Amino acid sequence: MAPDPLTPPLRRALTDLRAKSLPRDDPERLTVHLRTVHDTVAQLEARIATAGVIATEPLFWAQVRAAALLHDAGKIAESFQRQLEPGGEPWGERHEVLSLAYVDLLAPAAAWSPQERLLIATLVAGHHRPLLAASSLGGGKPALSRLYNAGTRWDQALGRRPGPDSRPQVPRGLHQELLAWLAGFLRTEPVPPAPGDPTTADRARLLLGEVLVAWREPVKAHTGLLAVLAQGALTLADHAGSAHVDLQTHMPLPTDYLARLPYTPHRHQQQASDTTGHLVLIAPTGSGKTEAGLAWAARQLAGMPGRPRLVWTLPYRASLNAARTRFERTLQPAAGQERPDIGLLHGALARTLLTEALEDDCCGPTKDGARKARARANAMRLFTQRLRVATPHQLLAAAIAGPTHSSVLLEQANSLFVLDELHAYDPETFGRLCAAMRLWEQLGSRIAVLSATLAPPLLAIVNESLQHPVTCHRAAPGTAPIRHRLVVDDLALVHPDSVSRLEGWLGEGHSVLVVTNTVATAQNLFTALADHARQQRPDDPRAALLLHSRFKNQDRDAIETCLLARHPERRPGEPRHRGGLVVATQTVEVSLQLDFDRGAVENAPVEAVAQRAGRVNRRGLHPDGPVEFRVHRTDSHRPYDPGAVDAAWSALTTLVAEGVTTLSEQDIDRLLQLAYDTDWGRHWADRARQARDDFTTEFLTFTDPFHDRTEHAKTLGERFDTVEVLLRGDAQKYRELAVGEEADPLLAAGLLIPLGYGLLKTYNATFDRALGIHLIDGRYDHVLGLRPPAEPETIL
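**Brief notes about the overall build of the protein chain**
Argument step 1. Counting secondary structure elements, the protein chain contains 29 helices and 18 strands.
Argument step 2. When each of the 796 residues of the protein chain is scored for burial, the buried share is 60%.
Argument step 3. In the protein chain, the proportion of contacts linking residues at least 24 apart, taken out of those at least 6 apart, comes to 77%.
Argument step 4. Surface summary for the protein chain: the accessible area is close to 30,500 Å², and the carbon and sulfur share equals 51%.

**As for the environment of A66**
Argument step 1. Mapped onto the elements of the fold, A66 is located in helix 2 (residues 60–70).
Argument step 2. With relative accessibility at 7%, the residue A66 sits in the buried group.
Argument step 3. In the structure, A66 is positioned 50 residues away from E116 in sequence and 9.7 Å away in space, judged by C-alpha atoms.
Argument step 4. If sequence neighbours within four positions are ignored, A66 has contacts with W112 and I120.

**Examining the side chain of R18**
Argument step 1. With respect to the helices and strands, R18 occurs in the segment before helix 1 (30–48).
Argument step 2. Under the relative-accessibility criterion, R18 is labelled buried at 5%.
Argument step 3. A polar contact of 3.0 Å, which involves the side chain of R18, links it to the backbone oxygen of P27.

**Details of the environment of C434**
Argument step 1. Mapped onto the elements, C434 comes out in helix 18 (residues 427–442).
Argument step 2. Residues C434 and F695, spaced 261 residues apart in sequence, show a C-alpha to C-alpha distance of 9.5 Å.
Argument step 3. If near-sequence neighbours (up to four positions away) are discounted, C434 is found in contact with I461, V462, S465 and R692.

**As for the sheet that holds strand 1 (residues 278–282)**
Argument step 1. Taking strand neighbours across the sheet as the criterion, the six strands line up as 3-2-4-5-1-6 in an open arrangement whose pairing is parallel. This sheet does not close on itself; its edge strands, each paired only once, are strand 3 (387–390) and strand 6 (470–474). Neighbour-to-neighbour, the strand axes of this sheet turn through a mean angle of 15°, independent of strand direction.
Argument step 2. Across five bridges, the pairing between strand 1 and strand 6 is parallel. Residue L279 lies in a different strand from strand 6, and its bridge partner there is T471.
Argument step 3. Where helix 12 (residues 289–301) meets the sheet, its contacts fall on strand 1, strand 2 (309–313), strand 4 (415–420) and strand 5 (446–451), and the angle it forms with strand 4 comes to roughly 165°.

**Comments concerning the packing of aromatic side chains**
Argument step 1. The tally for this structure, following the rule as stated, stands at 10 aromatic pairs.
Argument step 2. An aromatic cluster is defined as three or more aromatic residues linked by ring pairs; in this entry it consists of F430, Y676, W680 and W684.

**A word on the sheet that holds strand 12 (residues 627–632)**
Picture the strands of a sheet paired through backbone hydrogen bonds; they go either parallel or antiparallel.
Argument step 1. The strand order 7-12-11-8-10-9 describes an open sheet built from six strands, whose pairing is parallel. Strands at the two margins of the open sheet, each flanked by one partner only, are strand 7 (484–489) and strand 9 (544–547). Strand-to-strand twist across the sheet, computed as the mean angle between neighbouring axes with direction ignored, equals 15°.
Argument step 2. Bridging between strand 11 (residues 598–602) and strand 12 involves four bridges; their strand directions are parallel. Following the sheet pairing, E602 is matched in strand 12 by H632.
Argument step 3. Docked against the sheet, helix 20 (residues 496–507) engages strand 7, strand 8 (512–515), strand 10 (581–584), strand 11 and strand 12, running at close to 160° with respect to strand 12.
Argument step 4. Strands strand 8, strand 9, strand 10 and strand 11 of the sheet are contacted by helix 21 (residues 519–536), whose axis makes an angle of about 170° with strand 9.

**Here's the deal with empty space enclosed by the protein**
Argument step 1. With the rule as written, the count across this model stands at five cavities of 30 Å³ or more.
Argument step 2. What lines the largest cavity is a set of 23 residues, and nearest its centre among them are K289, T290, R326, D420 and R618.
Argument step 3. Listed by contribution, the elements that provide at least two residues to the lining of the largest cavity are helix 12 and helix 13 (320–330).
Argument step 4. Sort the elements by how many residues they give to the lining of the largest cavity and helix 13 lands first, with four residues.
Argument step 5. Across the lining of the largest cavity, the residue classes break down as seven nonpolar, eight polar and eight charged.

**Some details on the pattern of salt bridges**
Argument step 1. For the coordinates displayed, the defined rule picks out 45 salt bridges.
Argument step 2. The closest approach of N and O atoms between R260 and D256, which form a salt bridge, is 2.8 Å.
Argument step 3. When the shortest N-O distance is used, the salt bridge between D489 and R630 registers 2.9 Å. Of this pair, D489 sits in strand 7 while R630 sits in strand 12; the two residues are 141 residues apart in sequence, bridging distant segments of the chain.
Argument step 4. Bridged by salt links that share partners, the residues D104, R117, D197, R203 and E210 form one connected network.

**Section: the pairing of strand 2**
Argument step 1. In terms of burial, strand 2 is a largely internal element, five of the five residues being buried.
Argument step 2. Burial along strand 2 is two-sided: the residues R309, V311 and T313 and L310 and W312 are all buried.
Argument step 3. Note that strand 2 and strand 4 share five bridges and pair parallel. Paired with L310 across the two strands is L416, which belongs to strand 4.

**Notes on the pairing of strand 1**
Argument step 1. Most of strand 1 is tucked away: five of the five residues are buried.
Argument step 2. Side chains of strand 1 alternate between two faces, with H278, V280 and I282 and L279 and L281 buried alike.
Argument step 3. Note that strand 1 and strand 5 share four bridges and pair parallel. Across the sheet, residue I282 finds its bridge partner in strand 5, namely S451.

**A few points about helix 2**
In an α-helix there are 3.6 residues to a turn, and that puts residues three or four apart on one side.
Argument step 1. Counting buried residues along helix 2, nine of its 11 residues qualify, which places the element largely inside the surrounding structure.
Argument step 2. Residues of helix 2 that are buried include every one of F60, W61, Q63, V64, A66, A67, A68, L69 and L70, and no others.
Argument step 3. Buried residues along helix 2 sit in contact with helix 1, helix 4 (95–110), helix 5 (114–125), helix 8 (172–185) and helix 10 (221–243).

**Observations concerning the confidence of the model for the protein chain**
Argument step 1. Here the protein chain averages 88 in pLDDT, while 89% of its residues score no lower than 70.
Argument step 2. Here residues 792–796 scores under 50 on pLDDT; set against residues more than four positions off or in separate chains, the count is nine contacts.

**What about unusual backbone geometry?**
Argument step 1. Each neighbour pair has its own omega, and for R638 with P639 the value is 5°, a cis peptide bond.
Argument step 2. Structurally, P639 can be placed in the loop between strand 12 and helix 24 (642–657).

**As for the environment of R438**
Argument step 1. Secondary-structure assignment places R438 in helix 18.
Argument step 2. The class of R438 is partly exposed, set by a relative accessible area of 28%.
Argument step 3. Each C-alpha atom, one on R438 and one on Q467, is 7.7 Å from the other, the two residues being 29 residues apart in sequence.
Argument step 4. When near neighbours in sequence (up to four residues on either side) are disregarded, R438 contacts E464, S465, L466, R692, D693 and T696.

**Details of the nonpolar core**
Argument step 1. Judged by nonpolar contacts, the single largest core of 176 residues is most densely connected at Y102, L182, F430 and M437.
Argument step 2. At 10 residues, the largest contribution of residues to this core is made by helix 10.
Argument step 3. Leave out the neighbours within four places in its chain, and Y102 touches L70, A73, I76, V170, H175, L178, L179 and L182.
Argument step 4. L261, L294, A295 and L416 belong to the second-largest nonpolar core, a separate cluster that totals 33 residues.

Basis of the calculations
- Residues numbered from 1 in each chain as written.
- Predicted model: local features only at pLDDT ≥ 70, side-chain atom pairs only at ≥ 80, totals over all residues.
- Heavy atoms only, no water.
- Helix = DSSP H or I, 4+ residues; strand = E, 2+ residues; numbered from the N terminus.
- Buried < 20%, exposed > 50% of the residue type's maximum accessible area, 1.4 Å probe, protein only.
- Contact = heavy atoms within 4.5 Å.
- Areas by Shrake-Rupley, 256 points an atom, 1.4 Å probe, with all protein chains shown as cover.
- Polar contact = N/O pair within 3.5 Å; in protein donor to acceptor, adjacent residues only side chain to side chain.
- Pairing = 2+ DSSP bridges.
- Axes fitted to C-alpha atoms, helices over the stretch in contact; angles between N-to-C directions.
- Phe/Tyr/Trp six-rings, centres within 6.5 Å; stacked < 30°, edge-to-face > 60°.
- 1 Å grid on protein atoms, 1.4 Å probe; cavity = no way out; pocket = protein on both sides within 12 Å on 5 of 7 lines; lining within 4 Å.
- Points joined across faces, edges and corners; volume = space filled by probe spheres on them.
- Nonpolar A, V, L, I, M, F, W, Y, C, P; charged D, E, K, R; others polar.
- Salt bridge = Lys/Arg side-chain N within 4 Å of Asp/Glu carboxyl O.
- pLDDT = per-residue confidence, 0-100.
- Core = buried A, V, L, I, M, F, W, Y, C linked by side-chain atoms within 4.5 Å.

Pasting the structure below:
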């Protein structure tokens with residue numbers, strides 16, 4: 001009978017050392033793992049190169065490669081190796097601390113300067129957990145400074161194995177063998193030992209002390225940023241190397257994208273394609289803004305180092321899948337693929353996988369170890385693709401930094417960011433995004449802002465937030481025909497007369513879009529109108545559809561697919577009446593290329609009203625010419641700023657009083673001018689600037705780069721007032737899909753539901769630490785979506 005591969009021999013050889021407990025039949029060797037992670041750094045360097053601030057440190061990538069080679073050298077410890085055996089006892093010490101001894105031993109032979117030695121040691125020590133504790137204890141893993149301190153008995157911790165024989169953790173012969181292998185990899189020779197040299201435990205103790213002292217006090221912001229980026233490079237290389245996942249080199253966006261369009265480009269699309277550097281593009285809905293943004297990105301690719309990544313951001317989680325599907329349909333797959341691989345991973349699941357991936361895969365070959373390995377592989381879905389769709393919250397999570405999120409920050413270097421519909425944010429979120437733009441520029445990235453409705457104050461704040469020039473292009477007047485007859489209605493949308501008008505439109509055979517400001521209003525209006533719509537089209541299973549943010553992602557994807565098939569953009573010569581009802585919230589305002597015969601919406605900020613109008617007679621091809629678009633007064637401002645809603649209503653009524661009955665591009669510009677040239681508008685700009693500067697100071701100035709920033713994660717999420725939750729009954733299925741044996745991250749994300757922080761109490765939310773997600777109660781079905789546990793009072 002063959003011996004168990006993990007049964008320790010009388011004397012281990014270098015080839016007997018393991019880095020992982022998996023795969024079970026032949027666990028990964030330590031030298032193989034160190035070489036793999038070292039080589040993976042080359043993939044990162046090929047992608048990011050020396051973009052932005054990285055160019056100021058010529059040895060940046062050399063230091064990361066050295067740290068990658070040494071990061072797990074401490075796994076040589078006999079107690080660690082025994083921990084990997086089936087049923088092995090946990091060692092209880094940190095292998096990365098023992099790895100510091102090898103940094104110290106090889107520094108003279110490698111001729112590292114004191115600064116290089118310090119940074120390499122810092123990266124090695126900090127690739128699993130924070131080095132220093134925050135002022136508060138926080139909720140993360142204990143920092144190394146708490147685990148190793150003046151009370152640590154170093155010889156017992158790292159020098160000798162527990163037990164009566166008290167043998168060395170690192171046998172001399174094995175130690176010399178590993179040291180020679182590492183030195184050979186560095187193309188040098190180890191310095192011969194001398195009498196009185198410190199033990200490996202003492203070397204680890206002394207160098208950890210140096211590292212902790214060096215980073216205990218604040219450092220210059222430039223130094224801290226470089227250090228966090230280097231930490232991100234090592235942790236990302238470790239994730240990818242451990243998962244045996246290569247970074248993709250294929251870019252689905254071809255560099256000649258504009259020339260491939262099946263029509264003659266609009267002037268603003270050509271201008272975007274001709275722009276080098278930052279861009280702001282203002283063009284009406286339905287005029288090809290997305291194509292213009294892609295054309296801009298294609299132009300940048302040739303003039304940037306490495307292999308830039310394209311990140312397309314949208315304001316609502318509910319819009320991500322629609323954008324991803326659109327890119328899959330129109331961009332280029334890699335050789336052998338049926339469709340391009342577009343990255344998308346929802347925020348809550350991303351955090352779960354990143355946290356799981358960071359956990360040590362250092363236990364025996366157990367289900368827990370296998371779960372961590374699967375999480376690590378799935379986490380790489382965050383990084384492998386060169387084109388990704390995301391929300392700003394997912395990107396700004398990089399501000400948390402630390403071992404978990406520094407890799408997210410690194411991936412924002414040498415990237416192209418397209419901020420689609422930037423107008424859709426409150427002033428605080430808009431300001432934080434402007435702060436992020438400043439940081440992205442430091443990282444060598446370029447930014448494009450796309451919007452149909454960007455008010456002058458917003459444009460000014462974007463301009464002043466960036467150091468390099470920002471080119472602004474506007475679509476030519478008349479790019480979009482006049483599409484709407486504007487009606488401003490003092491009656492609420494839920495008033496019986498308003499509901500009767502909607503029923504009349506449906507009875508006449510029109511396709512009708514109704515947009516409300518809250519989910520509850522949408523659900524109640526849909527319940528009131530759906531049967532009437534179905535009666536008009538008895539053979540149409542999609543005669544009535546409801547879309548809002550509180551659906552499971554998988555159900556919302558299905559609804560969006562139905563919407564796009566049932567209400568596509570009108571083509572010349574189509575029948576006048578297409579029928580059908582859609583009731584929606586602001587989730588319909590972004591990414592969905594829909595077209596309706598009539599529209600009735602609740603009053604909202606000017607930008608939202610304009611976006612809602614853009615889904616009605618989208619390209620101006622309705623046989624009736626301009627069609628009726630009705631804006632109803634609301635009694636409540638929720639979920640918007642009351643000042644924004646009041647300013648919009650004042651602007652709309654002023655426009656009508658001036659005799660305007662249409663809603664052209666010029667009319668929308670006039671609405672924006674009226675709304676923002678008010679005390680509310682000036683206060684909005686002040687709040688945005690204050691939020692930008694505060695966010696920069698609190699989150700994006702890395703003067704304490706290696707302190708525990710775990711508490712920032714909750715703060716950051718609350719500031720975005722949104723969280724992804726899970727119905728309590730779906731918890732087990734989510735666990736299986738997220739990290740189970742048949743794990744599929746996108747299917748797991750399909751069970752999540754976006755919800756405002758302020759509503760967690762309404763749904764009896766509790767936080768599941770194992771899953772890293774809030775579990776809620778509530779009534780749910782795939783037609784109406786999520787409703788509170790108790791029936792709310794109807795508004796109809």
